[in-house]
Amino acid sequence: MAGQRITQSSFLGGELTPLAHMRRDKPFFEHGSARLRNMTIRVQGACETRPGTIYKDTIEGPSLEFDWVFNPDQSYLVVLTAGRLCVYNNETLAKVFDTTSGCTWNATHFERMTFTQQLDTLIACHPDLQTLKIVRTSATTFTIGNIVFDSNTTSPANRILQPHYKFALAAVTLAASATSGSVTLTASAPLFVAGHVGVRFRLVAKEVEITAVTDSTHATALVKETLTGTGATADWSEQVFSSVRGWPHTAQFFGSRLVFGGSKERPLGLWMSQIGKYWNYDLGSSQDNEAIWEEIGQADVSEIRHLVLDRHLLVFCDGAVFQVSNSETTALTPKNFKIPPQATIGASYLRPRNFDGGVIYTQNESNLVRILRYNDVDQKYNAETANMLAPHLVTSPKRMARTFAVAPRQENISLWANADGTVGAYHANTENQVSAWTLWKLGGGLLCESICAVREKFWCVANLDGKRMLLLFDWDAPPLDASVPMTSSTPTLEWSGMTQHVGYAVDGWSIGYSIGSAVVGETGIVRLPDTSPATTTASFGFPFVQEVTPLPVNLPSNSGSSHGRVMGLIRYYVDVVSSGEFSIDGALPEADMSFDITQPAPEFSGIVGAFHLGYDDGAQFDLVIDKPQRITLRGITREVRVGG
């Protein structure tokens, strides 16, 4: 049988799970790949080398990163480590702030910490950590402290305007020994613990503060509002948030209110401040501008995990997603509050983010990635699966980050830091029907532990044998990881300043050329072999391997499908554009790729072909690029002969 040619004209299907490699009946098969590693997808159809990473700092211990966008010209990367906060300017990339003051967190808190930010104020939440308010006081200074609720200065005076709840059976009563001054409170059932000191209670809507705990049924309190009497009453409550009852799970600014969602002992509670008064949660008489205290009452959910602002306020729970109903013309009030369920698929603790016209998140107790989008026809949110065709590229993710399309790139990209140190990369553009996954694996043994996006920039923290490095993904960086750029006044083979890479082999790169590799010495000096060119500019880092493997071929014929028959791959061609020096099975581009280190390396656009020896049942080949070089691949053609 004569050879037949099969052309793949785009890579918009991304890498497909092996379970989908027989789905020739689906449109995604024509544009999918068996393997796409350290590649990124363009909306036009090509795949190309992912961005390299630049070393920026050393991080002490496990970390958590989040973004802070103050205005279009000032944005920050905030890095938390145990008892420490560091802030990096996202434009200059310099560290501008470093403190341990007020940093009450440790590494055990990072999995469940959530954040919300508005202009110069950021709220950090964790159920076991007193809620923090971080304030930007200037471009380079920040303060950290516990949130403080407003206090009444008028009648009733001395009341703290915070949410309350009765954490006891309805029949449990409290009695005070007097109506003013220091009094003894007596509970009809065990109630008090040592942590109640400093906590506010309300007896028949009058407030007292616990000053001492005698035993589980007796406590001393200072009366803040004259009590109505000394008789035992079941009409009492205590403040919702405290070291005894836990702290909010999450927060969000919404409709000129600050909303808290969930707490350790009231996990389905929802509390909204008064309009324009973020620290006032007084219910008052349920006027339109006053606070709202509500609870989700659905059997298949057990806690609120995230609050996310999309077209509406979305409440992500472990077993479902809810929507706080509001309209563009009517303000949310205590009287019109509703919270209908939207999706019956809840979220993990991984923070959901706005992405590609919806909200992207991981399904609870699953590696499935979903995007929640509003359907104007149904007037409801639907949870679409984003990685059904590539579930193997998201494995127990620890962090997720996303950026939006920024010229000249039209792709929305989300990155998922997997437990094994790899990064699942999702490329999406709903308008152009792009939904493609690839896998990024850092070079040199680096394992990605955490990832964050600040505006158009991706940052990550990578672990190298216990040493953690803060890295910046940069589309203009050399195709290396943890690279360090250097300059010299005269051409040289010896470079200093690589102390963070001591003992490791690194590769050099200069204006588009791979200039050799060497081991970094004890003093941080790297000396290239004498056969390498001396240069005045160079970057040194860890090379990463790029891999492209097309899907198996299936050729129709008069005798039926070629599936299961022995096939020979005679020759294959790759179509590239603006690519650097590369080779495919020893074949080089038919162009002048001369080595003149004083001039930027030439780029090649065109078709490169290579003969292939051997037979298999899929006529596949592996395109592997294991040296630091960039390639943009537009398509692949295979010439195949069916035999056997």
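Our structure's up above, just so we're on the same page.
A quick note: this is a predicted structure, and the numbers were derived from the prediction, not measured.

Engineer: I tried to follow the side chain of Asp507 on my own but got confused; where do I start?
Structural biologist: Position of Asp507 among the secondary structure elements: in strand S43 (residues 505-510). Although Asp507 lies buried, it forms no salt bridge, and the closest oppositely charged side chain, Lys627, sits 7.9 Å away as judged by the N-O distance. Residues within four places of Asp507 in sequence aside, it is in contact with Leu480, Gly516, Ser517, Ser539, Phe540, Gly541, Pro543 and Pro628.

Engineer: When you look at the environment of Pro190 in this model, what are you seeing that I'm missing?
Structural biologist: Along the chain, Pro190 turns up in the loop between strand S17 (182-187) and strand S18 (200-203). Using a relative accessible area of 67% as the deciding quantity, one classes Pro190 as exposed. Separated by 58 residues in sequence, Pro190 and Leu132 have C-alpha atoms that sit 31 Å apart. Among all residues touching Pro190, those that are not within four sequence positions of it are Ser216 and Thr217.

Engineer: Is there a simple way to explain the sheet that holds strand S28 (residues 321-324) in this structure?
Structural biologist: Strand-to-strand pairing in sheets goes through backbone hydrogen bonds, with the strands running parallel or antiparallel. Across the sheet, four strands lie side by side as S26-S27-S28-S29; this open sheet has antiparallel pairing. Two strands lie at the open edges of the sheet, namely strand S26 (304-309) and strand S29 (341-343), each paired on one side alone. On average, adjacent strands in this sheet sit at an angle of 30 degrees to one another, irrespective of strand direction. As defined by bridge partners, S28 adjoins S29 across two bridges and the pair is classed as antiparallel. The residue of S29 that forms the bridge with Phe322 is Pro341.

Engineer: Is there a simple way to explain the pairing of strand S44 (residues 513-519) in this structure?
Structural biologist: Note on strand geometry: in a regular strand, side chains alternate between the two faces of the sheet. Relative to S44, S43 runs antiparallel, the two sharing six bridges. Paired with Gly508 across the bridge in S44 is Gly516. Between the antiparallel neighbours S43 and S44 lie two residues, among them Ile511 with a positive phi of about 35 degrees.

Engineer: Help me understand the pattern of salt bridges in this model?
Structural biologist: Note that side chains of opposite charge can pair when their charged atoms are close. What the rule picks out here adds up to 31 salt bridges. Residue Glu225 is joined to Arg159 by a salt bridge in which the shortest nitrogen-to-oxygen separation is 2.9 Å. Separated by 66 residues along the polypeptide, Glu225 in the loop between strand S20 (218-223) and strand S21 (236-239) and Arg159 in the loop between strand S14 (141-146) and strand S15 (164-165) bring together distant segments of the chain. On the basis of relative accessible area, Arg159 is assigned to the buried category, the value being 11%. Between Glu209 and Lys224 there is a salt bridge, with its nearest N and O atoms 3.8 Å apart. Within this pair, whereas Glu209 is found in strand S19 (residues 206-215), its partner Lys224 is found in the loop between S20 and S21, the two being separated by 15 residues in sequence.

Engineer: I tried to follow the packing of aromatic side chains on my own but got confused; where do I start?
Structural biologist: For any pair of aromatic rings, the description consists of the separation of the ring centres together with the inter-plane angle of the planes. Applying the stated criterion across every chain yields a total of 23 aromatic pairs. Relative to Trp459, the ring of Tyr88 has its centre 6.3 Å away and its plane inclined at 40 degrees; by these criteria the two rings are tilted. Here Tyr88 is found in strand S9 (residues 84-89), whereas its partner Trp459 is found in strand S39 (residues 457-464), with 371 residues between them in sequence. Across this residue pair, the class does not change: Tyr88 and Trp459 are buried. Judged by centre distance (6.0 Å) and plane angle (45 degrees), the ring pair of Phe355 and Tyr426 falls under tilted. Here Tyr426 lies in strand S36 (residues 423-429) and Phe355 lies in strand S30 (residues 353-355), a separation of 71 residues in the sequence.

Engineer: Can you walk me through the environment of Pro163 in this structure?
Structural biologist: One can find Pro163 in the loop between S14 and S15. The buried category is assigned to Pro163, whose relative accessible area is 0%. Setting aside residues up to four positions removed in sequence, Pro163 forms contacts with Phe149, Glu238, Gln239, Val240, Phe241, Trp271, Tyr281 and Trp293.

Thresholds, definitions, all that
- Residues numbered from 1 in each chain as written.
- Predicted model: local features only at pLDDT ≥ 70, side-chain atom pairs only at ≥ 80, totals over all residues.
- Heavy atoms only, no water.
- Helix = DSSP H or I, 4+ residues; strand = E, 2+ residues; numbered from the N terminus.
- Buried < 20%, exposed > 50% of the residue type's maximum accessible area, 1.4 Å probe, protein only.
- Lys, Arg positive; Asp, Glu negative; His and termini not counted.
- Salt bridge = Lys/Arg side-chain N within 4 Å of Asp/Glu carboxyl O.
- Contact = heavy atoms within 4.5 Å.
- Pairing = 2+ DSSP bridges.
- Axes fitted to C-alpha atoms, helices over the stretch in contact; angles between N-to-C directions.
- Phe/Tyr/Trp six-rings, centres within 6.5 Å; stacked < 30°, edge-to-face > 60°.

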